[in-house]
Every structure is written in structure tokens, then in C-alpha cells.
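These are the residues of each chain, in order.
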Amino acid sequence: MTQQAQTIQGSIVAIVTPMFEDGSVDWKGLEKLVEWHIAEGTSSIVAVGTTGEASTLSMSEHAQVIKEIIRVVNKRIPVIAGTGANSTHEAIQLTQEAKDLGADAALLVTPYYNKPTQEGLYQHYKAIAEAVDLPQILYNVPGRTGVDMLNETVARLADIAQIVGIKDATGDVERGAALIASLAGKNMTVYSGDDATAYQLMAHGAKGNISVTANVAPKAMSEVCTAALAGDAARAEQLNTQIANLHNILFCESNPIPVKWALHDMGLIGTGIRLPLTPLAEQYRLPLHEALVAAGVIQ
């Protein structure tokens, strides 16, 4: 494992891919966002995850975005590349490409839509780990993919050397705590993938939060994670309360629709988003703006 990969903890932003109105990638906008995150205390960046619109980028754009983020970061913080796919062959290709580009780790969402069995999930991740020598983080988000990787399957996968972590986006703190307990003594780190409950899961031993909210409130999210990781649960909860409304409203429509609109409202990116995703519906724009103001993100 690279030295950078060992330091993946704290507030990890699943960064958006800024686009112009015609849907083309805004490379200068992406560079500005990355610099802003580093300045605001973000600990690591996930390139082309769900929030980065991996599902609407072409294979070549996917690689270009990862390459550009790695270039701008220039080894200052770890970069994790989203390389999951519902085809094992494609996931191996993407993960190998991420390694070749210099990513510190890969984030691999469970195969979506085709609904593999638990054995299928195990074999899928095992095949990727055996094919590519790069630290790999599993990603379980059943509400989005239609498949749920059980704790028992995760524990089996923890015995594979390249598999070093999991993003648990179930939002079920009790289940996450049970997962952490079941991994005691194994080389696997648990990260929250649910902003609203992340500080609670860190109290049970999770090492950070792979976050949507960090896109708009990087400093606040970093402070929540720092307090939670230091064992200061009261402080973490207090800090989280200040941005709790953001955690909720950023999911008023499918991610990344609201978060991209919020960043546009903040003057950080344009309005570009790719079909079948559309700009945020009119009725949510004012409530989202008010939540940004209340969180102190904009005046």
C-alpha cells in the first residue's frame, strides 16, 4: 500500500465533475475546486464517484478527470478513483487505468442492476483484487444500486490483501457498528458514506466520511470528522448540527443534482449536468439556498 493510501481518513469529498451548459467538462473549474478543497482542509478526494457523474462520462473522460485531479493534487492528499462497474471485466480495466494514472486507491461500487448473489459479489471483488495491485475500497450503497453486500461477505473479502476498506452508505449505524466489530484484527478500514450519520459511525470506529456535503461545506465537514476521530462525540454532534439541514436537502433530488446546483449558487461552477440528470427543480432552489445561508456557506 502506498504511504498516501495509509493516510486516507477524515473528510473525503466525492467531488463533482463541473460542466458547462452544453455538458462538456469544465477543466479550469475542476482545478479551482480541487485547490479550494485542499485549502479548506479536505483530507482526500474521490474522483468520478456517483457524485462525479461517473455514469454519464465516457471511458476516456473518466480517465481524463482522474488524471487531471491527480495532476492538480500533486501528492498533497490521497486521490481515490471511482472504478466500479457492473461488469467485472470493465471494473478491472478501469482499476488498472487508475493505477497507471497514479491513483492512491480505487473505490468500487457493488455491481448495480444485474443483482449478483453474495457469492457473485465476493468473486467480483476477488477477481479485481487479484488482477490489479492497487489498494481497493468496497462501496455498498443498496439504496442506489439495488444490491446489498452483507456484512458476512465484507468480512470474507477483508482477508484479501488488496481490499483495504469499505464505504458503508447504508445509513444504518447499528449495522455499521456490527461490521466494524466483525472486522477487528483484519486489515480493513470502514468509512461512512452517509453524511447525516457519519459522526455517529466514527464514534464506533469508522475512520472518515466519503461525503457529498463536503462539496459545499468542506471546512465544516473536516471539523466534524476531526472532532469525531479525536473521540470528542459532543463536539462532533454540535458541529454536525450546524450543517445537518444540508445533509438532508442535498438529497431532495437524486445526487448530484442538488449539490451541483448548490455549487452553482455559491458561484463555484456553472449549471452543466448531463442527461438523464437535469438541473434542480425550481421548487427546491430557494430552500437549498436558505440551507446554504443557514450553514454559513454563503452570505
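Look above for the structure.
Quick caveat: nothing in here was measured; it's all calculated off a predicted structure.

Cut-offs used in this document
Residues numbered from 1 in each chain as written. Predicted model: local features only at pLDDT ≥ 70, side-chain atom pairs only at ≥ 80, totals over all residues. Heavy atoms only, no water. Salt bridge = Lys/Arg side-chain N within 4 Å of Asp/Glu carboxyl O. Helix = DSSP H or I, 4+ residues; strand = E, 2+ residues; numbered from the N terminus. Buried < 20%, exposed > 50% of the residue type's maximum accessible area, 1.4 Å probe, protein only. Arc of directions from axis to C-beta. Contact = heavy atoms within 4.5 Å. Polar contact = N/O pair within 3.5 Å; in protein donor to acceptor, adjacent residues only side chain to side chain. Pairing = 2+ DSSP bridges. 1 Å grid on protein atoms, 1.4 Å probe; cavity = no way out; pocket = protein on both sides within 12 Å on 5 of 7 lines; lining within 4 Å. Points joined across faces, edges and corners; volume = space filled by probe spheres on them. Nonpolar A, V, L, I, M, F, W, Y, C, P; charged D, E, K, R; others polar.

Next up on the list: the pattern of salt bridges. Inspection of the entire model under this criterion finds 11 salt bridges. Notably, a salt bridge pairs Glu130 with Lys126, separated by 3.1 Å at the nearest N-O pair. Taken together, the residues Glu130 and Lys126, both in helix 5 (residues 118-131) and 4 residues apart, mark about one turn of the helix. Among the residues examined, Glu130 registers a relative accessible area of 58% and is labelled exposed. Its salt-bridge partner being Lys186, residue Asp159 comes within 3.1 Å of it at the nearest N-O pair. Residue Asp159 is located in the loop between helix 7 (151-157) and strand 6 (163-168), and its partner Lys186 is located in the loop between helix 8 (173-182) and strand 7 (189-192); the two are separated by 27 residues in the primary sequence. For Asp159, a relative accessible area of 57% gives the class exposed.

Moving on to unusual backbone geometry. Following Asn255, the chain continues into Pro256 via a peptide bond in cis, with omega recorded as 10°. Looking at the element boundaries, Pro256 is found in the loop between helix 12 (244-249) and helix 13 (257-265). Put simply, Leu275 and Pro276 share a cis peptide bond, and its omega is 15°. Position of Pro276 relative to the elements: it lies in the loop between helix 13 and helix 14 (282-294). With a phi close to 60°, Glu53 is a non-glycine residue in the positive phi region. Of note in the backbone geometry, Lys115 takes a positive phi value of approximately 50° without being a glycine.

Let's shift gears to helix 8. Three or more residues of helix 8 are buried, namely Val173, Gly176, Ala177, Leu179 and Ile180. Down the axis of helix 8, the smallest arc covering the buried residues is 155°, so these residues share one side. Summarising the geometry of helix 8, the exposed residues directed more than 90 degrees from the buried face are Glu174 and Ala181. Packing partners of the buried residues in helix 8 comprise helix 7, strand 6, strand 7 and helix 9 (198-203). A side-chain oxygen of the first residue of helix 8 lies 3.2 Å from the backbone nitrogen of Glu174; this N-cap is Asp172.

Another point: the pairing of strand 8 (residues 208-211). What you see with strand 8 is no split at all: Gly208 and Ile210 on one side and Asn209 and Ser211 on the other are buried throughout. Bridge count between strand 1 (residues 10-14) and strand 8: 4 bridges; the pairing is parallel. Paired with Val13 across the strands is Ser211, a residue of strand 8.

Under the defined criterion, the tally for this structure stands at 3 cavities of 30 Å³ or more. Within this model, the largest cavity holds a volume of roughly 50 Å³. Considering only residue class, the lining of the largest cavity consists of 5 nonpolar, 3 polar and 1 charged.

Attention now moves to the layout of surface pockets. Roughly 540 Å³ of internal volume is contained in the largest pocket. At the level of secondary structure, the elements contributing two or more residues to the lining of the largest pocket comprise helix 3 (59-73), helix 4 (88-101), strand 4 (105-109) and helix 6 (142-145). In terms of residue class, the lining of the largest pocket is made up of 13 nonpolar, 10 polar and 2 charged. Estimates place the volume of the second largest pocket at around 350 Å³. Taken together, 19 residues form the lining of the second largest pocket, with Tyr139, Val141, Ala169, Gly193 and Phe251 sitting closest to its centre. Those elements that provide at least two residues to the lining of the second largest pocket are helix 6 and strand 8. A class-by-class count of the residues in the lining of the second largest pocket yields 8 nonpolar, 7 polar and 4 charged.

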